[in-house]
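Here is what each chain is made of, one letter per residue.
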Amino acid sequence: MSLITDTPMTRPPLSPLRINRDRLLHRLDQLAQIGAIEGGGVCRLALTDADQAGRDLVVSWMRDLGLTITIDQLGNVVGTRPGVEAGPPVMTGSHIDTVATGGRYDGNLGVLAGLEVIETLNEQNIQTRHPLAVAFFTNEEGARFHPDMMGSWVFSGGLSLEDALAEVGTDGTTVAENLDRIGYAGAVPCGSQPVKAFVELHVEQGPVLEREGIQIGAVTGVQGMSWQEFTVKGVSNHAGTTPMNLRHDAGYGASAIAVAARQLALKMGGNQVATVGSIQLKPGLVNVIAKEAKLTVDLRNTDSTLLKQAEAELQTHIDAIAAAEALEITAQSLARFEPVSFDAAMIDSVERTAQALGCSVKRLPSGAGHDAGMIAAIAPTAMIFVPSVNGLSHNVKEYTAPADLENGSNVLLQVLLQLAEVKHLGDGSRLD
Ligand SMILES: [Zn+2]
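Criteria and thresholds
Residues numbered from 1 in each chain as written. Predicted model: local features only at pLDDT ≥ 70, side-chain atom pairs only at ≥ 80, totals over all residues. Heavy atoms only, no water. Helix = DSSP H or I, 4+ residues; strand = E, 2+ residues; numbered from the N terminus. Expected span 1.5 Å × (residues − 1). Buried < 20%, exposed > 50% of the residue type's maximum accessible area, 1.4 Å probe, protein only. 1 Å grid on protein atoms, 1.4 Å probe; cavity = no way out; pocket = protein on both sides within 12 Å on 5 of 7 lines; lining within 4 Å. Points joined across faces, edges and corners; volume = space filled by probe spheres on them. Nonpolar A, V, L, I, M, F, W, Y, C, P; charged D, E, K, R; others polar. Donors = N, O, S within 2.8 Å, 3.2 Å for Na, K, Ca; no water. Pairing = 2+ DSSP bridges. Axes fitted to C-alpha atoms, helices over the stretch in contact; angles between N-to-C directions. Contact = heavy atoms within 4.5 Å. Core = buried A, V, L, I, M, F, W, Y, C linked by side-chain atoms within 4.5 Å. Phe/Tyr/Trp six-rings, centres within 6.5 Å; stacked < 30°, edge-to-face > 60°. Lys NZ or Arg CZ within 6 Å of the ring centre and 35° of its normal.

Engineer: Looking at this model, I keep getting lost on helix α3 (residues 108-123). Mind explaining?
Structural biologist: Think of an α-helix as turning once every 3.6 residues; residues three or four places apart then point the same way. With 16 residues, α3 should cover 22 Å at 1.5 Å per step; its first-to-last C-alpha distance of 22 Å lies within 8% of that length. Across the 16 residues of α3, 14 count as buried, placing the element largely inside the fold. Downstream of α3 by a residue or two, N125 has a phi angle that is positive, lying close to 55°.

Structure (structure tokens):
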């Protein structure tokens, strides 16, 4: 499915329009004040009071810009600007929930840059052939409720609404209760809103663009991701009196899994990464051999076959660790997403548009999951990355320079104009 027919070598016609950087920065700043935490970061966990306040502010901006707002049964919000023709909108957007120690750009940039594009068009009274929409999706971060990308996953039909609503969060309450509580359990059925094309602007959240001095990332796809939780069962015993060869040490088993995961990723190379982000030992005392360990393993790869290979090889190591220490090790999948490849013509469009705007650009895969990876199941999709200083994200020190925010937003503006097709200016002169 391809929307752009230019040959790869031609540059797209560039509109003279540009976004207003100060207006974008002002909105980013205002939204960052809701749930602000020390160090310049933000804590707006999904469906909390802070998330509600953030949503209310963004919805008020959508209303001010004249967008028609829909809220679906999972609280995904879409603001639509009509086109000359009816039909599915060209959509942009992202999320406004954050992790507990989040930055002010992750997700928020994609939503607020979308609003800035709309305001730029409104200001010049420019109409597009197809409607344009700005969306923010519920619980992208997965920090309070599993899984992450929940809203966009249900929106695109990959996860059932019932399963999402029943999900119990870290505080023991459900998604459904909290949606009701904050007033964002909408009436629009999930999955009932077709999308013509989707483009998401996001901070890279990694070090590649900054390290190479590149201004824009044309994202080729999203890595596949496998999250597993392993429970290691051994036998508690005295740390002083139990000979080393007679131990069934769950703490040792968990550590051996962590080492195996890292060595596996190093051996496979390429885009394979592996992380053990959480280990808990029971009873967790200095002089007691642990009887139980729970740990998580996060495996990611851009290639579906290699991701499966990593999972299988890790399991082989785990079986060997269990046998050697006489442990019982069980696995539970917490989340699993296949790798996603974005639309080839739309990746081209991002790349050529960035070049036409005089920006340096590099193609790269996304190491993090994004709403765009979900929407790619129902519409041609692409993403635009801008550099993250020191590659930091999910950190209060997350920062992207204003010039980069502006560049990314202008690439977004131009790509959306190409997709939505400019019809005419308010004074009757044609822009295209
Ligand atoms: Zn994000």
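What follows picks up the thread again.
Engineer: Which parts of the structure should I look at to understand the layout of surface pockets?
Structural biologist: Which parts of space are left empty comes out when a probe the size of a water molecule is rolled across the atoms. Quantified by volume, the largest pocket comes out at close to 630 Å³. For the largest pocket, the lining is made up of 28 residues, of which Q205, R300, G367, A368 and G369 are closest to its centre. Take the lining of the largest pocket: its biggest share by element is three residues, from strand β17 (residues 361-366). Along the lines of polarity and charge, the residues of the lining of the largest pocket split into ten nonpolar, twelve polar and six charged.

Engineer: Just to check I follow, could you spell out the coordination of the zinc ion for this structure?
Structural biologist: Ideal values differ by geometry: the angle at a metal is 109.5 degrees with four tetrahedral donors, but 90 or 180 degrees with six octahedral donors. At 2.0 to 2.2 Å from the zinc ion lie its protein donor atoms, namely H95 (NE2), D106 (OD) and H202 (NE2). Of note, the donors binding the zinc ion are all from one chain and are spaced H-x10-D-x95-H. Taken as a pair, H95 in the loop between β5 (90-94) and α3 and D106 in the loop between β5 and α3 lie far apart in primary sequence, eleven residues in all. Comparing H95 with D106 shows no difference in burial state: the two are buried.

Engineer: What is the right way to read the sheet that holds strand β14 (residues 292-301) from this model?
Structural biologist: Picture the strands of a sheet paired through backbone hydrogen bonds; they go either parallel or antiparallel. Read from one edge to the other, the open sheet built from four strands follows the order β12-β14-β10-β15, with strand pairing classed as antiparallel. Two strands lie at the open edges of the sheet, namely β12 (273-282) and β15 (328-337), each paired on one side alone. The mean inter-strand angle of the sheet, taken between neighbouring strand axes irrespective of direction, is 15°. Pairing of strand β10 (residues 224-233) with β15, which is carried by nine bridges, proceeds in the antiparallel orientation. Bridge pairing in β15 links T231 to T330. Across the sheet, helix α8 (residues 250-268) is in contact with β10, β12, β14 and β15; its angle to β14 comes to roughly 10°. Contacts from helix α9 (residues 304-325) reach β10, β14 and β15, with the element oriented near 155° to β14.

Engineer: Can you help me understand the nonpolar core in this one?
Structural biologist: Core analysis: the biggest nonpolar cluster contains 88 residues, and V58, L74, M91, L109, L112 and L115 have the highest contact counts within it. Examining the composition of this core, we find that nine residues originate from one element, helix α12 (residues 402-420), more than from any other. In this structure L74 touches T138, M150, G151, V154, L161, A164, L165, V175, L179, Y184 and C190, once residues within four positions along its chain are discounted.

Engineer: I keep staring at the packing of aromatic side chains and nothing clicks. Help me out?
Structural biologist: Each aromatic ring pair is summarised here by two numbers: the centre-to-centre distance and the angle between the ring planes. Scanning the entire structure with this criterion turns up four aromatic pairs. Aromatic side chains F137 and F155 sit 5.3 Å apart centroid to centroid with 75° between the ring planes, which places their arrangement in the edge-to-face category. Separated by 18 residues along the polypeptide, F137 in the loop between β7 (132-136) and α4 (150-155) and F155 in helix α4 bring together distant segments of the chain. Residue F137 shares its accessibility class with F155, and that shared class is buried. Members of the aromatic cluster, connected to one another through ring pairs, are F137, F155 and F198. One residue, R27, lies across the ring of W61, its end atom 5.5 Å from the ring centre. Positioned above the aromatic ring of Y184 is the side chain of R55, whose terminal nitrogen or guanidinium carbon lies 4.9 Å from the ring centre.

Engineer: Honestly, the pairing of strand β8 (residues 197-203) in this entry has me stumped. Any pointers?
Structural biologist: Two faces belong to every sheet, and in a regular strand the side chains alternate between them. Across the seven residues of β8, seven count as buried, placing the element largely inside the fold. Burial along β8 is two-sided: the face carrying A197, V199, L201 and V203 and the face carrying F198, E200 and H202 are both buried. Sheet analysis places β5 next to β8, joined by three bridges and oriented parallel. From the neighbouring strand, V90 faces β8, where its bridge partner is A197. In the sheet, β8 pairs with strand β18 (residues 381-386) via six bridges, with the strands oriented parallel. Considered in β18, the bridge of E200 is made with M383.

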